[in-house]
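# Observations on the model geometry
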Amino acid sequence: MFSRKGASEEEVLAELEEKTAEDLTFGSGRILGSMCTYPHPFAQKIVMKYIDRNLGDPGLHVGSQKIEEEAVEMLSSLLGLEKGYGNIVSGGTEANILAVRAFRNLADVEKPELILPKSAHFSFLKASEMLGVKLVWAELKDDYSVDVKDVEAKITEGTIGIVGIAGTTGLGVVDDIPALSDLALDYGIPLHVDAAFGGFVIPFAKALGYDLPDFDFRLKGVQSITIDPHKMGMAPIPAGGIIFRKKKFLEAISVPAPYLAGGKVWQATITGTRPGANALAVWALIKHLGFEGYKEVVKRAMELSRWFAKQIKKIPGVYLIREPMLNIVSFGTKNLEDVEKELKRRGWGISAHRGYIRIVMMPHVKREHLEKFLGDLREVTVH
Ligand code: PLP
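Under an unreviewed UniProt entry, the name given to the protein is Probable L-aspartate decarboxylase, and the organism recorded is Thermococcus piezophilus. Quoted verbatim from the Function (unreviewed entry) heading of the UniProt record, the comment on the protein is "Catalyzes the decarboxylation of L-aspartate to produce beta-alanine."

Right under this line is the structure:
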């Protein structure tokens, strides 16, 4: 109800405390199945300080717009591209929609089709519905990466693009992006890489010596990449990233926004008014942590996931779906639904889908939390 008379701040805060008491918090170490984390304290300060900045009207906030451009440049360089074009957006969903939109707008076909792995995130379902693009699902191989031969077999006159995933939502699998890139070049079709999760993991894991496929703009067939700072980048929600190799992709999705207080601009994002503070926080975090800082975060997460995978294998009746590639470990059990229900009842923030439970070693997840979780899992799976 929209109350007639206002309440005091204390009263409102007390009610909020009571109502959010049901929420799980990242600090509790109970959230094991999320790709988000507690935002870095420095980023929180930035958001508080610049909370009023609106990138939807960049003529007013010229400095913030330049910082967004610099943040895009920083992400581009992490992804092997000197100059990229894109935006800090609301998340991986918006970034993926923008990529599909750019591919569709540039392709001159009547019935556009997009080929994507069966492991792709559901954001592509939204893109498909909104943009009138048919999704053509490619099969997965036994290792859960996309079957590149099947992708090739599904290319038609109407194919506007191919999607590869660098860090699948369920298993953290990195597709054979080099092979997809070759295919894209052979057929003259753009390749979009959904690295919403893996973008802030793979470059650092590779530097640490983990053997992972190349996935970024160093591969010439890759025309766009989704990379989300609000996942392993530790930026406050919302902060996604879409980077295009060439300006033409951004131009193909830009519309004139004539009435803004700061003057006419071109806008490519789905959202109009959008938070400048979050883009500034992305910029500030990258400056503050640098490559070495993120590498440390990823080192911990990768080591923890290898340790956790080993422990999972020791529990009778519990099995790994596959060896982890990134910092995601997924396992199955008998009576998975009952196990899920009981773990949730015990206060764990996990969920089962596609026949397994996924644990994401985000920065807030510590070994002691996982030890407690393993204890519960052992109890729950004893028959
Ligand atoms: N792409 C991948 C691979 C994801 O795992 C996710 C989210 O989990 C998304 C896209 C969507 O990101 P968001 O929830 O930020 O919109």
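Picking up where we left off.
### Details of the pairing of strand 11 (residues 328-333)
Of all the six residues making up strand 11, five are buried; the element is thus mostly covered by neighbouring parts of the structure. In this sheet, strand 13 (residues 356-360) lies alongside strand 11 in antiparallel orientation, the contact comprising four bridges. The partner of Phe331 across the bridge, within strand 13, is Ile357.

### Considering the nonpolar core
Note on soluble globular proteins: their nonpolar side chains tend to be buried together. Counting 113 residues, the largest nonpolar core has Leu98, Ile162, Val201, Leu280, Ala281 and Val282 as its most contacted members. It is helix 10 (residues 276-313) that provides the largest number of residues to this core, a total of 17 residues. Both domains that meet at this core, namely domain 1 (9-39 + 300-379) and domain 2 (42-288), each give it at least three residues. If we skip the residues at most four places from it in the chain, Ala281 touches Ala43, Ile46, Val47, Ala235, Pro236 and Ala239.

### As for helix 12 (residues 367-381)
The periodicity of an α-helix, 3.6 residues per turn, causes residues three or four positions apart to be oriented the same way. In a regular helix each residue adds 1.5 Å, so 15 residues correspond to 21 Å; helix 12 covers 21 Å between its end C-alpha atoms and thus fits that length. Regarding helix 12, the residues found buried are Leu370, Phe373, Leu377 and Val380. Across the axial projection of helix 12, the buried residues extend over an arc of 80°, all falling on one side. Among the exposed residues of helix 12, those pointing more than 90 degrees away from its buried face are Glu368, Glu371, Gly375 and Glu379.

### Topic: the site of the ligand
For the ligand, the set of nearby residues contains 15 residues, the closest of which are Gly91, Gly92, Thr93, Thr169 and Ala196. Take the shell around the ligand: its biggest share by element is three residues, from helix 4 (residues 92-106). Looking at the shell around the ligand, its residues break down into four nonpolar, nine polar and two charged.

### With respect to the domain arrangement of the protein
Partitioning the protein into domains gives domain 1 (9-39 + 300-379) and domain 2 (42-288). Once you take the C-alpha centre of each, domain 1 and domain 2 turn out to be 27 Å apart. Taken together, the 17 residues of domain 1 in the interface contact 23 residues of domain 2. Here the side of domain 1 that touches domain 2 is built from residues that sort into ten nonpolar, four polar and three charged.

### Description of the sheet that holds strand 7 (residues 240-244)
Across the sheet, seven strands lie side by side as 1-7-6-5-4-2-3; this open sheet has mixed pairing. Taken across any chain shown, the strands that pair with only one partner, and hence form the sheet edges, are strand 1 (85-89) and strand 3 (134-138). Within the sheet, the average angular offset between the axes of one strand and its neighbour, ignoring direction, is 20°. For strand 6 (residues 222-226) and strand 7, the ladder comprises three bridges, and the chain directions are antiparallel. In the sheet register, Ser224 faces strand 7, and the bridge partner there is Phe244. Along the sheet, helix 3 (residues 62-78) makes contact with strand 1 and strand 7, crossing strand 1 at roughly 110°. Along the sheet, helix 4 makes contact with strand 1, strand 2 (113-117), strand 4 (159-165), strand 5 (191-194), strand 6 and strand 7, crossing strand 7 at roughly 25°.

### With respect to the sheet that holds strand 12 (residues 352-353)
Strands pair in a sheet through their backbones, by hydrogen bonds, and they do so in one of two ways: parallel or antiparallel. Spatial strand order, 10-11-13-12: four strands in an open sheet with antiparallel pairing. Bordering the open sheet on either side are strand 10 (318-320) and strand 12, each of which pairs with just one other strand.

### Describing unusual backbone geometry
Residues Ile237 and Pro238 are joined by a peptide bond in cis, for which omega reads 0°. Residue Met234 is not a glycine yet carries a positive backbone phi of 65°. With respect to the helices and strands, Met234 occurs in the loop between strand 6 and strand 7. A count of 27 C-beta atoms within 10 Å places Met234 in the buried class. Even without being glycine, Asn335 reaches a positive phi, approximately 45°. Accessibility expressed as a C-beta count within 10 Å gives 13 for Asn335, which makes it partly exposed.

Cut-offs applied
- Residues numbered from 1 in each chain as written.
- Predicted model: local features only at pLDDT ≥ 70, side-chain atom pairs only at ≥ 80, totals over all residues.
- UniProt positions renumbered as here; feature names shortened; annotations may be inferred.
- Buried ≥ 20, exposed ≤ 12 C-beta atoms within 10 Å, placed from the backbone.
- Helix = DSSP H or I, 4+ residues; strand = E, 2+ residues; numbered from the N terminus.
- Pairing = 2+ DSSP bridges.
- Core = buried A, V, L, I, M, F, W, Y, C linked by C-beta atoms within 7 Å.
- Domains from an automatic or database assignment.
- Contact = placed C-beta atoms within 7 Å.
- Expected span 1.5 Å × (residues − 1).
- Arc of directions from axis to C-beta.
- Near = placed C-beta within 6 Å.
- Nonpolar A, V, L, I, M, F, W, Y, C, P; charged D, E, K, R; others polar.
- Axes fitted to C-alpha atoms, helices over the stretch in contact; angles between N-to-C directions.

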